[in-house]
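# Architecture at a glance
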Amino acid sequence: MLAELCDLRGVSGNEENVRKYLLEKLVGTAVETRVDTMGNLLVSKGKSKNGTIMLSAHMDEVGLMIMAVEKNGFLKFSPVGGIDGRILPGKRVRIGTAGIDGVIGVKPVHLQKKDEQKKPFDEESLCIDAGFKNSDEAKQYISVGDYAAFDSFCTEIGDGYYRGKAFDDRTGCLILLRLLMENNGLAFNAAFTVQEEVGTRGAAVAAYTIEPNVALVVEATAASDTPETDEEAAGTNLGKGPAISIMDRTIMVSRKLREELAEVAEKASLPYQYRHFTGAGTEGGVIASSRGGVDTAILAVPCRYIHSPYSVMKESDLNATLGLVRAWLEQRQ
Amino acid sequence: MNKENLIDILLELSSVAGVSGNETAALEAVRSYFDLYTDEVKLDRFGNLIALKKGEASAAEKITVALVAHVDEIGAMVTKIEPAGFLRFTPLGGLDPRVLPGQRVVVHGKKAIEGVIGATAPHHLSMQDREKSIPVEKLFIDTGYDADTLKTITGVGDTISFGQKPILLKNRKMITGKALDNRAGIAALIFCAAELAGLRHQADICFIASLQEEVGLRGAVTAAYGLKPNLAVAVDVTHGDTPGTDDKKTYKLGAGPALGVGPNFHPSLSFAMQQIAQEFNLSYQVEPIPAHSGTDAWAFQVSREGIPTALLSIPLRYMHTTVEMLCLEDLVTGSRLLARLAAKVTNSYLEELKKC
Amino acid sequence: MAIRDTLKKLTEAYGPSGEEENVRSMIRDMLNDQVDQIFEDNLGNLFAIRKGQKLKVMVSAHMDEIGVIVTHIDENGFLRIAPVGGISPRLLIGQRLRFNNELIGTVYHEKLKELKELDWPKIYLDIGADDLETAKKLVKIGDLACLDQPFKEQREGRYLAKAMDDRAGCAILVEVINRLPAELPHEVCFVFSVQEELGLRGAKTAAYRYEPDFGLAVDVTTVGDTPKAATMEVSLGKGPAIKVKDNSVLCHPLIRRFMVDVAEKNKIPFQYEVLTRGGTDAGAIHLSREGVPSGALSIPCRYVHTASEIVDKSDLDYAVLLLEKMLLSSWPQMEEINLR
């Protein structure tokens, strides 16, 4: 199911594939679903006795948008969400609902001037080449405003690792989906949100609608437990379990709630770590400041090379995160 | 209303002052037109102007369409009166300091006074300094008054607008002036209201002249919350084709309004607007926007439980200068498109939109 | 309690954004029976309400101060830290920081080639622990610390302390609450807000909950009276400032006029504040729901966001007087608002 979810193309503002997949999986389970104006999928499970709990995971992924079709058939694009432009050269993408194949080509090393490689490619100069001979041919298949997603697929690698795109945040979607499909007697509201990567737009609206008493954002977060990064700057480490956020750009998580998560983990003998990084943003901020304020925490699966065509994460972290969210819900019922 | 009327309206709207936070004069001008073409005009708690044109639907079937354009313009604010009588200022909205030296300005104190933004004469600058642009902090305004007199007229916190008068260019197709961002949008709303007089519409149409867009979409945040419309279209300007700019981010003047597509907009509403344009033979361009549109649409879309929102933009050259330029035909076409959309919206149309 | 003593107590308290508990309970004690209703919300905002007729006025001062948060502990017991609010790493070198458990640490930096390289990843906190084990007994990842400097009276009427931003505002509110008579023309909700330094977060939810007709923030402002300061016509000791704008709000002209009228009628000196950066609670309040006409009363303060912020007693006294008189006056009517 992870592979199915991650391989879907769902760039911010165009999450339909993911939403449809989730809705199909939920057919026959005892939940109520609705899709709001923004495209958020809101699912409620069970009758809660102890206030409204909101779990959120975002359906969208970073990607590209086609901005213009050049006379020679090349396609100009802009990033949707935060992409490090240096990862784009030499990648394959799929464009539009039909998934037209294209590549981001670059000038071959043979034709480059001396020292050219020292500077990254100028993002503005990059184009997608989908093999069209001119703009007329291109326009038969491509419209300006079409979304393009990385063309990569999810697979197991090594000993217990996964490699693929969009782990941020289809892992969160997967965890919520599993908890909804299980016969676990838990009561909660799940928000599969849109447009997290362009400013946590969906979650703002979802939180307003759900009016939760407490919220947990289930995310994927960057891990740099890799060469060339100092240990203290790694943020999170693969294999150490879900990362409990203390603070990010959007939120200061209350001590009470983050310690509650740690205690639940310890009681359930599940590994956990704190996120050793206070930057970057999540949906936590807009949920916490919704209406009169909502106590909100963030739990994330550590994930290397996030926002690239191929991220790497560990199966044991995914399972431990699922386990911790479940155990927390059980305690909160 | 014909194109000649529109020219007059736009010339007037471009002339009046309405810097963010001090939009009164502009609002009064706008109000006088909406009084002619709508049923009811009021200001909300924030000060946004809301003009209502009632629809035919019964109270039970009532739906509201919001067409919103911001009425404020970029400008500046007095921060200090220097002992020698010069005024220091800080920008309101995104100003390019390089276009400021030598501009005519009006300082809105107890009375409005004329002035000019001065800078040290090139003769008195080193070659090195001449190669650098002058930051806003180093610029000042010369009003011809001494400090004591100035203090009786103006003071810290007064707003400053640009003094540029608009002109209709020789071919009578183009207008240049200040504040066309976004008096163009306001003019489109007025033209649209006039067009609607000849069309039947079920929905209540609310024309909103929003405040303080240039300092962070502030009026739109409260207007959207207060009005709770069923559907919203923001009307603003986008970058026109200009030498030296990236052509993937500019739109041709005279080729019709630009319709936004991207995450900020409801996909089926964006599509519906393109279809209406095709149906009525109105030219348009598609403007892909990968994230923040920088317009009131950004605020409307996520108000309360979410509002289906679209964006129609008039291509405009030299944005945020005093020589902004647009093509009247784009404005007319845009207004007609807005009117056709407004006339189409019914409860069932809304349901259809939400389905896809 | 004299305002000096209130200010000393409040500024020396520990209360970085997100951990305002000590300040909150201190203020609660100071108010005891002076208000009709007192409660906290989910985020930790403290609401103190004085019932009255007609309109609802929300007056907000934030309890939180800038600080740091522990992000990592290394094997030798050194801590890595990240900012909480707008705090400069350069100003921290050699400063002492205090944790909620009274533990003191001092900040220094790794070996640098040039001072330009000095940034958060390069600095660390020494808490006197020799290894990871010892350090872990003293602090946890996610613990916060604030600056550690005592309150001083530099000369008569010149106060020097950390966290004047915005305990000065809190002290003013406390003082005003203690001075208000039994009958008020309007209901007033004093909000001691949280997390202002992280983006006006407390005031946002507080305003949504209280639904005021008017908003007023009481906070500090920077000044332009120091050597080669940025252009700004606010000086220390020339009276409280009536805010015109900052990056978060353009104050409602009618509220501004109302404040000026009250000041002039009561012969209270004041200055106009045009702040080119930074924001205050009014920024969040005025955009709440359908909009809340709002203003701000500012205390001139030198060296904001350092360990030695300076305010002048006369500015505080006049601010107390102005706020008190405002709360005893009739606020502008909604019809006037509509004609702004």
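What you see is a predicted model, and the numbers here were worked out from it, not measured in a lab. (Residues numbered from 1 in each chain as written. Chains lettered and ligands numbered in written order. Predicted model: local features only at pLDDT ≥ 70, side-chain atom pairs only at ≥ 80, totals over all residues. Heavy atoms only, no water.)

### Focus: the overall build of chain B
Per the secondary structure count, chain B includes ten helices and 17 strands. The globule rule puts the C-alpha radius of gyration for 356 residues at 21 Å, and the 21 Å found for chain B is close to it. The buried share of chain B, taken over its 356 residues, is 59%. Considering only contacts in chain B between residues 6 or more positions apart, those separated by 24 or more positions represent 77%. Here chain B displays about 13,700 Å² of accessible surface, and carbon together with sulfur accounts for 51% of that area. Across chain B, 36 positive and 41 negative side-chain charges occur, with their mean positions spaced 0 Å apart. (Helix = DSSP H or I, 4+ residues; strand = E, 2+ residues; numbered from the N terminus. Rg over C-alpha atoms; globule rule 2.2 N^0.38 Å. Buried < 20%, exposed > 50% of the residue type's maximum accessible area, 1.4 Å probe, protein only. Contact = heavy atoms within 4.5 Å. Areas by Shrake-Rupley, 256 points an atom, 1.4 Å probe, with all protein chains shown as cover. Lys, Arg positive; Asp, Glu negative; His and termini not counted. Charge placed at Lys NZ, Arg CZ, Asp CG, Glu CD.)

### Some thoughts on the overall build of chain C
Secondary structure summary: chain C contains nine helices and 17 strands in total. Rg of the C-alpha trace for chain C: 20 Å, near the compact-globule value of 20 Å for 340 residues, within the 12% margin. Counting only C-alpha atoms, chain C reaches 65 × 45 × 40 Å along its principal axes. Sorting the 340 residues of chain C into buried and exposed places 63% on the buried side. In chain C, of all internal contacts separated by at least 6 residues, the share reaching a separation of at least 24 is 75%. Separation between the mean location of the 43 positive side-chain charges and that of the 52 negative ones in chain C comes to 3 Å.

### What about helix H2 (residues 16–26) of chain A?
Residue and element names in this part refer to chain A. Burial in H2 covers these residues: Val18, Arg19, Tyr21, Leu22 and Leu26. Relative to the axis of H2, the buried residues are bounded by an arc of 165° and lie together on one face. On its buried face, H2 sits against helix H1 (2–7), strand S1 (31–35), strand S2 (41–45), helix H4 (167–181) and strand S12 (188–193). Residue Gly28 follows H2 closely and has a positive phi angle near 90°. (Arc of directions from axis to C-beta.)

### Examining the pattern of salt bridges
A full pass over the atoms with the stated rule returns 54 salt bridges over all chains. A salt bridge links Lys344(B) to Glu279(B); the shortest N-O distance between them is 2.7 Å. Here the residue Lys344(B) occupies a position in helix H9 (residues 328–344), and Glu279(B) occupies one in helix H7 (residues 267–279), the gap between them amounting to 65 residues. Assessed through its relative accessible area of 28%, Lys344(B) is described here as partly exposed. Of the charged contacts, one joins Glu21(C) and Arg24(C) as a salt bridge, the two residues approaching to 2.6 Å between their closest N and O atoms. Of this pair, Glu21(C) and Arg24(C) both sit in helix H2 (residues 21–31), separated by three residues, roughly a single helical turn. Residues joined by salt bridges that share partners form a network here, namely Arg255(A), Glu259(A), Glu19(C), Lys140(C) and Asp143(C). (Salt bridge = Lys/Arg side-chain N within 4 Å of Asp/Glu carboxyl O.)

### Observations concerning the sheet that holds strand S2 (residues 49–53) of chain B
Residue and element names in this part refer to chain B. Read from one edge of the open sheet, eight strands run S1-S2-S12-S3-S13-S16-S14-S15, paired in mixed fashion. The open sheet has two edge strands with one neighbour each: strand S1 (40–43) and strand S15 (285–288). In this sheet, adjacent strand axes meet at a mean angle of 25° when their direction is disregarded. Across four bridges, strand S14 (residues 258–261) lies against S15 in parallel orientation. Its bridge partner being in S15, Leu259 is matched across the sheet by Val286. (Pairing = 2+ DSSP bridges. Axes fitted to C-alpha atoms, helices over the stretch in contact; angles between N-to-C directions.)

### A few points about the packing of aromatic side chains
Summed over all chains, the structure comprises eleven aromatic pairs over all chains. Taken together, a centroid distance of 5.6 Å and an interplanar angle of 85° make the contact between Phe270(C) and Tyr272(C) edge-to-face. Here Phe270(C) falls in the partly exposed class, since its relative accessible area comes to 22%. Tyr272(C) gets classed as partly exposed once you look at its relative accessible area, which sits at 29%. Clustering of aromatic rings is evident, with ring pairs tying together Phe214(C), Phe258(C) and Trp331(C). When the ring centre of Trp298(B) is taken as origin, the NZ or CZ atom of Arg201(A), which lies over that ring, is 3.4 Å away. (Phe/Tyr/Trp six-rings, centres within 6.5 Å; stacked < 30°, edge-to-face > 60°. Lys NZ or Arg CZ within 6 Å of the ring centre and 35° of its normal.)

### Brief notes about the nonpolar core
In this structure, Leu55(A), Phe192(A) and Trp328(A) are the most contacted members of the largest nonpolar core, which totals 105 residues. Of all the elements, H4(A) adds the most residues to this core, at eight residues. For Phe192(A), the residues in contact, after removing those within four places along its chain, are Leu22(A), Asn40(A), Leu41(A), Val43(A), Ala57(A), Met59(A), Cys173(A), Leu176(A), Leu177(A) and Leu180(A). Residues Ile190(B), Leu269(B), Ala272(B) and Met273(B) belong to the second largest nonpolar core, which totals 68 residues. (Core = buried A, V, L, I, M, F, W, Y, C linked by side-chain atoms within 4.5 Å.)

### Some points on the side chain of Lys178(B)
Residue and element names in this part refer to chain B. Following the sequence through the fold, Lys178 ends up in the loop between strand S11 (174–177) and helix H5 (180–196). At 3.0 Å, the side chain of Lys178 and the side chain of Glu73 are in polar contact. With sequence-adjacent residues up to four places away left out, Lys178 is seen in contact with Ser14, Ser15, Val16, Ala17, Glu73, Phe162, Gln164, Arg183, Thr321, Thr322 and Glu324. (Polar contact = N/O pair within 3.5 Å; in protein donor to acceptor, adjacent residues only side chain to side chain.)

### What about the domain arrangement of chain C?
Residue and element names in this part refer to chain C. Domain assignment breaks chain C into domain 1 (3–65 + 162–338) and domain 2 (67–147). Centre-to-centre separation of domain 1 and domain 2, based on C-alpha positions: 32 Å. Taken together, the contact pairs 14 residues of domain 1 with 13 residues of domain 2. Contact between domain 1 and domain 2 buries roughly 1,100 Å² in total, counting both sides, with carbon and sulfur atoms accounting for 61%. When the area that domain 1 buries against domain 2 is broken down by residue, the three leading residues are Tyr14, His305 and Ala307, summing to 41%. (Domains from an automatic or database assignment. Buried area = accessible area lost by both parts, 1.4 Å probe.)

### Digging into the domain arrangement of chain B
Residue and element names in this part refer to chain B. Assigned domains of chain B: these are domain 1 (3–73 + 178–355) and domain 2 (76–162). Spacing between the C-alpha centres of domain 1 and domain 2 amounts to 33 Å. Contact residues are listed per partner, giving ten residues for domain 1 and twelve residues for domain 2. The contact between domain 1 and domain 2 buries some 880 Å² in all, and 63% of this surface belongs to carbon and sulfur atoms. Broken down residue by residue, the surface that domain 1 buries against domain 2 is led by Val19, His320 and Thr322, which jointly contribute 46%. Here domain 1 and domain 2 share zero salt bridges between them. Of the residues in the side of domain 1 that touches domain 2, the class split is three nonpolar, five polar and two charged. (Nonpolar A, V, L, I, M, F, W, Y, C, P; charged D, E, K, R; others polar.)

### Section: the interface of chain B and chain C
With 28 residues of chain B at the contact, the number on the chain C side is 28 residues. At the boundary of chain B and chain C, one finds one salt bridge. There are six residue pairs in polar contact (both at pLDDT 80 or more) connecting chain B and chain C. Of all the secondary-structure elements, those providing two or more residues to the side of chain B that touches chain C are strand S4 (75–81), strand S5 (87–92) and helix H6 (218–227) of chain B.

### Details of the environment of Leu176(A)
Among the structural elements, Leu176(A) can be located in helix H4. Those residues in contact with Leu176(A), other than ones at most four positions away along the chain, are Leu55(A), Ser56(A), Ala57(A), Ala190(A), Ala191(A), Phe192(A) and Val218(A).

### A short note on the interface of chain B and chain A
Taken together, the contacts link 24 residues of chain B with 24 residues of chain A. Ranking the residues of chain B by area buried against chain A places Lys248(B), Pro290(B) and Glu305(B) at the top, with a combined share of 33%. Applying the counting criterion to the chain B and chain A interface returns one salt bridge. Summed over the shared surface of chain B and chain A, the number is three residue pairs in polar contact (both at pLDDT 80 or more). Secondary structure elements with two or more residues in the side of chain B that touches chain A: S15 and helix H8 (296–301) of chain B.

### A closer look at the sheet that holds strand S5 (residues 79–84) of chain C
A barrel is described by the order of its strands in space; here six strands give the closed sequence S4-S5-S8-S7-S6-S9 (chain C), paired in antiparallel fashion. Taking each pair of neighbouring strands and ignoring which way they run, the sheet shows an average axis angle of 45°.

### What about the packing of helix H1 (residues 3–12) of chain C against helix H4 (residues 164–179) of chain C?
Residues and elements named next belong to chain C. With their axes 9 Å apart at the nearest point, H1 and H4 run at an angle of 135° to one another. The angle between the axes of H1 and H4 places the two elements in the oblique class. Crossing handedness for the pair H1 and H4: right-handed. Contacts between H1 and H4 involve Ile3, Thr6, Leu7, Leu10 and Thr11 on the former and, on the latter, Met164, Arg167, Ala168, Cys170, Ala171, Ile172, Val174 and Glu175. For the contact of H1 with H4, a count of residues per class yields nine nonpolar, two polar and two charged. (Parallel < 35°, antiparallel > 145°, perpendicular 65-115°, else oblique. Left-handed = near helix turned anticlockwise from the far one by under 90°.)

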